[in-house]
Amino acid sequence: MTAFELGLLATSKAVPELRHLLRPYGYDVRLCASELLTNVVDHVGEGTPVTVRVTVTGRGHTRVEVTDPGTRALSVLLRPTADTDESGRGLALIEALALRWGVEHDRGHKTVWCELEGETPPSTVQEPSAPARSSR
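Let me begin by describing the structure that accompanies this report.

Quick look at the overall build of the protein
Alright, step 1. In terms of helices and strands, the protein carries three helices and five strands.
Alright, step 2. The order of helices and strands in the protein, counted from the N terminus, is β-α-α-β-β-α-β-β.
Alright, step 3. When contacts within the protein are restricted to residue pairs at least 6 apart in sequence, those whose partners lie at least 24 apart make up 64%.
Alright, step 4. For the protein, the accessible surface area stands at approximately 7600 Å², while carbon and sulfur atoms represent 49% of it.

This is how it looks when you write it as structure tokens:
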């Protein structure tokens, strides 16, 4: 069951806005959604249309998904080469927090997802307000 779904443009400004909209969820859900959206901005491009979903799985876990049209930009776990590197930690954070994560490719788009332990009851999640939605 999808508890949260939002279509938006992947921009640097959208990252904190997404975290705000996901405030009924725990910190790990907000962090993973932020990192997945940031990866789209960095590797597919600013202004890319995306869909963010948070669902509760049949196993009682929370699944965070970000779907984008960037099928050529592969999501690969990299390790930063130095403590001062400014990038390369997004998927490492997801790897550390999530029970599992992956990438699904389907007809001109890809979905990067992760599953976190536990769930937030959908009844506690508020739908985003109309101004936060972006048209595709």
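What about the sheet that holds strand β2 (residues 48-56)?
Alright, step 1. Taking strand neighbours across the sheet as the criterion, the five strands line up as β1-β2-β3-β5-β4 in an open arrangement whose pairing is antiparallel. Looking at strand neighbours, the two that pair on one side only are β1 (2-10) and β4 (100-106), the edges of this open sheet. The sheet shows a mean angle of 15° between the axes of neighbouring strands, taken without regard to direction.
Alright, step 2. Note that β1 and β2 share eight bridges and pair antiparallel. When the sheet's bridge partners are listed, G7 is paired in β2 with T51.
Alright, step 3. Sheet strands touched by helix α1 (residues 14-21): β1 and β2. Its angle to β1, the strand with the most contacts, is close to 165°.

Points about the nonpolar core
Alright, step 1. Core analysis: the biggest nonpolar cluster contains 29 residues, and F4, L18, L37 and V50 have the highest contact counts within it.
Alright, step 2. Elements that contribute at least two residues to this core include exactly β1, α1, α2 (27-43), β2, β3 (62-68), α3 (90-97) and β5 (109-116).
Alright, step 3. Broken down by element, this core gets its largest block of residues, seven residues, from α2.
Alright, step 4. Aside from chain neighbours lying at most four places away, what touches L18 is F4, L6, A33, L37 and V52.

Looking at the packing of α1 against α2
For any two helices packed against each other, the geometry is given by the interaxial angle and the distance between the axes.
Alright, step 1. The contact between α1 and α2 brings their axes to 9 Å, and the two run at 155°. On the basis of the axis angle, α1 is roughly antiparallel to α2. In the crossing of α1 with α2, the sense of the turn from one axis to the other is right-handed. Every residue of α2 that contacts α1 at A14, V15, L18 and R19 is listed here: R30, A33, S34, L37 and T38.
Alright, step 2. Here the residues of the contact of α1 with α2 are counted per class, giving five nonpolar, two polar and two charged.

The rules behind the values
Residues numbered from 1 in each chain as written. Predicted model: local features only at pLDDT ≥ 70, side-chain atom pairs only at ≥ 80, totals over all residues. Heavy atoms only, no water. Helix = DSSP H or I, 4+ residues; strand = E, 2+ residues; numbered from the N terminus. Contact = heavy atoms within 4.5 Å. Areas by Shrake-Rupley, 256 points an atom, 1.4 Å probe, with all protein chains shown as cover. Pairing = 2+ DSSP bridges. Axes fitted to C-alpha atoms, helices over the stretch in contact; angles between N-to-C directions. Core = buried A, V, L, I, M, F, W, Y, C linked by side-chain atoms within 4.5 Å. Buried < 20%, exposed > 50% of the residue type's maximum accessible area, 1.4 Å probe, protein only. Parallel < 35°, antiparallel > 145°, perpendicular 65-115°, else oblique. Left-handed = near helix turned anticlockwise from the far one by under 90°. Nonpolar A, V, L, I, M, F, W, Y, C, P; charged D, E, K, R; others polar.

Honestly, it's all geometry; don't read function into it.
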